[in-house]
Amino acid sequence: MNSSTHISRLRTWARHNLFRTWYDSIVTVVFGSLAIYVAVRLLNYALVTGRWDVVRRNLKLLLVGRFPDDELNKVVIAVAVCVLWGGLLVGLVIGRQRRAGTFV
């Protein structure tokens, strides 16, 4: 697919889904502007004004709370099991989509 076809499809999609009526256009512009404002403010906080030394000092407390130190292996095992199950599920879903020919 060449660049002009891709841009044409994007323009058609935007016109159909974001700018169909005048009030859809207003809602799109208002919420798009709000999303950009929030993203800029969050990036400014994260990169410029954030106090990350507090997070570094209290990282264990933020991650596991007041869980006893000698039983943290239970938390690690629980997280590992959840990650393994999630990976297995994603692998099964993608495999099924590829076999069906619907994987994007």
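Procedures and definitions
- Residues numbered from 1 in each chain as written.
- Predicted model: local features only at pLDDT ≥ 70, side-chain atom pairs only at ≥ 80, totals over all residues.
- Heavy atoms only, no water.
- Salt bridge = Lys/Arg side-chain N within 4 Å of Asp/Glu carboxyl O.
- Helix = DSSP H or I, 4+ residues; strand = E, 2+ residues; numbered from the N terminus.
- Buried < 20%, exposed > 50% of the residue type's maximum accessible area, 1.4 Å probe, protein only.
- Phe/Tyr/Trp six-rings, centres within 6.5 Å; stacked < 30°, edge-to-face > 60°.
- Lys NZ or Arg CZ within 6 Å of the ring centre and 35° of its normal.

### Focus: the pattern of salt bridges
Phase 1 of the analysis: One pass over the full model with this rule turns up three salt bridges.
Phase 2 of the analysis: The closest approach of N and O atoms between R57 and D53, which form a salt bridge, is 3.1 Å. Linking R57 with D53, this pair stays in helix α3 (residues 52-57), spanning four residues, or about one helical turn.
Phase 3 of the analysis: Residue D53 is classed as partly exposed on the basis of its relative accessible area, which comes to 34%.
Phase 4 of the analysis: Across the pair E71 and K74 runs a salt bridge whose closest N-O atoms are separated by 3.5 Å.
Phase 5 of the analysis: Overall, the relative accessible area of 30% leaves E71 in the partly exposed class.

### Looking at the packing of aromatic side chains
Phase 1 of the analysis: Counted by the stated rule, this structure contains two aromatic pairs.
Phase 2 of the analysis: On the basis of an interplanar angle of 85° and a centroid distance of 5.5 Å, the ring pair of W22 and Y23 is categorised as edge-to-face.
Phase 3 of the analysis: A residue is classified by how much of its surface remains accessible, and W22, at 63% relative accessible area, is exposed.
Phase 4 of the analysis: For Y23, a relative accessible area of 47% translates into the label partly exposed.
Phase 5 of the analysis: Look at Y45 and W52: their rings are 6.1 Å apart centre to centre, the planes differ by 55°, and that puts the pair in the tilted class.
Phase 6 of the analysis: Using a relative accessible area of 38% as the deciding quantity, one classes W52 as partly exposed.
Phase 7 of the analysis: Its guanidinium or amino end placed over the ring of F103, R98 lies 4.7 Å from that ring's centre, counting from NZ or CZ.

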